[in-house]
Amino acid sequence: MDLSSLLVLLLSLAAHAEAFDLGQTTRCVPVPPQMGLCQDVPYSEMRLPNLLGHSSLEEAVPNSEDWRTLLHTGCHPQARAFVCSLIAPVCLDRFIQPCRSVCVAVRESCAPVLACQGHAWPEALNCERFPAQEDTCLTPLPKHISAFSKEFPQPVCQSCPSVEESPSLKTVLDALCLNDFAVKAKIWRRRGSSSEPELMVEGPVELIRLGPLLPYDTASLLQRWMLINLRCAHTLVRPGRAQLYLITGTMRPGGAIQLSQLFPGLKKDQHIATATRKWKHHKC
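All figures in this text were calculated on a predicted structure; none of them were measured in a lab.

A separate point is the packing of aromatic side chains. In the structure shown here, the tally under the stated rule is one aromatic pair. Here the aromatic rings of Phe-82 and Phe-130 are separated by 6.0 Å at their centres, their planes lie at 85 degrees, and the arrangement is edge-to-face. On the criterion of sequence distance, the pair formed by Phe-82 in helix α4 (residues 79–87) and Phe-130 in the loop between α5 (100–115) and α6 (143–149) is long-range, its members being 48 residues apart. Residue classification places Phe-82 among the buried positions, given a relative accessible area of 1%. On the accessibility criterion, Phe-130 (2% relative accessible area) is buried. Over the ring of Phe-95 we find Arg-47, and its NZ or CZ is 5.6 Å from the ring centre.

Before going further, it helps to spend a moment on the side chain of Arg-190. Within the secondary structure, Arg-190 is located in the loop between β5 (181–189) and β6 (199–209). Looking at Arg-190, the relative accessible area reads 18%, which means it is buried. Filtering out sequence-adjacent residues up to four positions away, Arg-190 remains in contact with Glu-196, Pro-197, Glu-198, Met-200, Pro-239 and Gly-240.

Here we come to the state of the cysteines. The tally for this structure, following the rule as stated, stands at eight disulfides. Two residues share a disulfide in this structure: Cys-38 and Cys-84, whose sulfurs sit 2.1 Å from each other. Residues Cys-38 and Cys-84 are joined through a disulfide that is left-handed, its torsion about the S-S bond being -100 degrees. Taken together, the residues Cys-38 in the loop between β1 (27–30) and β2 (45–48) and Cys-84 in helix α4 connect sequence positions 46 residues apart. With respect to class, Cys-38 is no different from Cys-84; both count as buried.

This paragraph deals with the environment of Ala-88. With respect to the element layout, Ala-88 can be found in the loop between α4 and α5. According to the relative accessible area criterion, Ala-88 is buried, its value standing at 0%. Sequence-wise, Ala-88 and Val-31 are 57 residues apart; in three dimensions their C-alpha atoms are separated by 7.2 Å. In contact with Ala-88, other than residues within four places in its own chain, are Met-35, Cys-38, Tyr-43 and Met-46.

Analysis parameters
- Residues numbered from 1 in each chain as written.
- Predicted model: local features only at pLDDT ≥ 70, side-chain atom pairs only at ≥ 80, totals over all residues.
- Heavy atoms only, no water.
- Phe/Tyr/Trp six-rings, centres within 6.5 Å; stacked < 30°, edge-to-face > 60°.
- Helix = DSSP H or I, 4+ residues; strand = E, 2+ residues; numbered from the N terminus.
- Buried < 20%, exposed > 50% of the residue type's maximum accessible area, 1.4 Å probe, protein only.
- Lys NZ or Arg CZ within 6 Å of the ring centre and 35° of its normal.
- Contact = heavy atoms within 4.5 Å.
- Disulfide = S-S within 2.5 Å.

Fair warning: the whole summary comes from geometry, so function is off the table for now.
Below, the structure is given as C-alpha cells:
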C-alpha cells in the first residue's frame, strides 16, 4: 500500500477514534500472531473495541498491516509503539491511551512523510485528545531517544533528484567532487502487495565516497529515502525489476540527507565506470 492509500485509511480510522467512548463495554483478547506489527509489545492481551473503533480481530488485524508503509520509513523511533497503543491497547482495568507527548513527537516526525505525498496529518488524530499527564498514559517519550536519533543522517522529503542518462566523464567527476557522498546501489521494486517494503536496496552498497554516511546504515538510509519519496522512487525502476545506480548526494544542516544525481546503467557506461575508479586521483 502506498502512502496515499494509507492516508485514506488514517482518515477512516481517525473518524472511528474521535467518536470512541472510553466508557463503553470492552473485552480482552490475546494479541494474535497475525498482527505482526505489534508482536513486540510488552503484553499479551489487547482490548476490543480498540481505540480506533475496531470491534473485532477480523477488522483490526488487516487494518494494522496497512500502517506498515508509514512505519517502514522509520519516521520516528516510537511510531510503532504509538500505533500499537491505538490498534492493540493493553488490557488493564481501564483504557491506557498514548501520552500526548508521544503523539506530538510522532506527528512532528511522521507528518512530513505524509506531506511529501501532498497530505496533512489527520485532524481527527489531534494530539490534544490524548492525556498530558504522563502517569496516566502509555509510553512517555524518553528524551534520550529523541536526541539520539537526531545525531544520525536522516532521509527527508525533497524534490526529485536528476537522473543522468549517458553522462560525460566530466559530468560524473563533477558530481563526485561537488557532493558530500556517492554510493553504488541496486534498487529493486517488489511486484504485487506484500508486508515487506515495496522498494528495496538489493545486495551490498558500494561506498564510493563515504562523507557523512554510516557504512552499516547506508542501505537502510537509501531504502527509507525511497519510501518517503515514493513519487520520485517509482520513476526509477519498474515493478519486478532491479536497477543499478551511482547515487550522489549532500547532507543539509541538521543531518538531513538529500540525493542530488542518479546515474543508471553502470555496467554499460564506460564514463561512469572510469570516473568511479579514478576520481580520488582527480583534482577537484
